[in-house]
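# Inside the fold
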Amino acid sequence: MAIPGSIEGVMQSLEGAQDVAKAIRLSGYLLEKNDLKRLLADLTATVSETKMSLSLLQDAIGEKDKELIRMNEALFYKGNIRRRGDGYYKTFENRPYGQAYCSYCWEKDHQLFHLHNRILNRDVRMCPHCKNEYQAIRTPYLDTEKQTA
Ligand SMILES: [Zn+2]
């Protein structure tokens, strides 16, 4: 039995459908009602299996598309991201600005996650993804105006 959601799984299901067609042909198109019922049940099961496999495949393709978009973004930002203090920032004309991104997530996976202020503790900022904590003073918001002044 092939793994559902694999190309092999879809091919196997389609072969099952072909077997049903073959059985009907080999009978000379003359089948007992019970045999016909059984073959029809096989065909219905095969169609459901195929539908399920295709839907799983579509999910997998969707995930890969998302990953491609993310990698493309990472590649685009790679030259425009700079470390400052304990965080990474987008840059404008080489100057870091805006909110800091998690340095762990950027260095490990090239993923950009803005650090969030911890509730009731404004000295600590946290990555929503990896939950690493940073000192707020080492990961400040950088104003573009002040940078250019
Ligand atoms: Zn992180």
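Here is a short report on the structure shown in this document. (Residues numbered from 1 in each chain as written. Predicted model: local features only at pLDDT ≥ 70, side-chain atom pairs only at ≥ 80, totals over all residues. Heavy atoms only, no water.)

## A look at the overall build of the protein
Each helix and strand in the protein was counted, giving four helices and six strands. Starting at the N terminus and walking to the C terminus, you meet the elements of the protein as α-α-β-β-β-α-β-β-β-α. Taking 2.2 N^0.38 as the reference for a compact globule, 149 residues should give roughly 15 Å; the C-alpha atoms of the protein span a radius of gyration of 28 Å, well beyond that estimate. Across the 149 residues in the protein, those meeting the buried criterion constitute 23%. For the protein, the share of sequence-separated contacts (at least 6 apart) that also reach a separation of at least 24 residues comes to 43%. Within the structure as shown, the protein displays about 10,900 Å² of accessible surface, and the carbon and sulfur contribution to it stands at 56%. Across the protein, 22 positive and 20 negative side-chain charges occur, with their mean positions spaced 6 Å apart. (Helix = DSSP H or I, 4+ residues; strand = E, 2+ residues; numbered from the N terminus. Rg over C-alpha atoms; globule rule 2.2 N^0.38 Å. Buried < 20%, exposed > 50% of the residue type's maximum accessible area, 1.4 Å probe, protein only. Contact = heavy atoms within 4.5 Å. Areas by Shrake-Rupley, 256 points an atom, 1.4 Å probe, with all protein chains shown as cover. Lys, Arg positive; Asp, Glu negative; His and termini not counted. Charge placed at Lys NZ, Arg CZ, Asp CG, Glu CD.)

## Concerning unusual backbone geometry
Positioned with a positive phi, Y29 is a non-glycine residue whose angle comes to about 65 degrees. Structurally, Y29 can be placed in the loop between α1 (7-26) and α2 (33-78). Its identity as a non-glycine residue notwithstanding, N94 has a phi of 75 degrees, on the positive side. As for its position among the elements, N94 is in the loop between β2 (87-92) and β3 (95-102).

## Brief notes about the environment of L56
Within the secondary structure, L56 is located in helix α2. On the accessibility criterion, L56 (36% relative accessible area) is partly exposed. Along the primary structure L56 and Y88 are separated by 32 residues, whereas in three dimensions their C-alpha atoms are 37 Å apart.

## With respect to the pattern of salt bridges
Applying the stated criterion to the full structure yields nine salt bridges. In this structure, R138 and D86 form a salt bridge, with 3.1 Å as the shortest nitrogen-oxygen distance. Pair noted here: R138 is in the loop between β6 (133-135) and α4 (144-148) and D86 is in the loop between β1 (81-84) and β2, with a separation of 52 residues, a long-range link. The network of salt bridges with shared partners includes R83, D86, E107 and R138. (Salt bridge = Lys/Arg side-chain N within 4 Å of Asp/Glu carboxyl O.)

## Side note on the sheet that holds β2
Pairing within the open sheet is antiparallel, and its three strands lie in the order β1-β2-β3. Unpaired on one side and paired on the other, β1 and β3 mark the two borders of the sheet. Sheet twist, expressed as the mean angle between neighbouring strand axes with direction ignored, is 40 degrees. Relative to β2, β1 is paired through four bridges, and the arrangement is antiparallel. Among the inter-strand pairings, R82 is bridged to a residue of β2, identified as Y89. (Pairing = 2+ DSSP bridges. Axes fitted to C-alpha atoms, helices over the stretch in contact; angles between N-to-C directions.)

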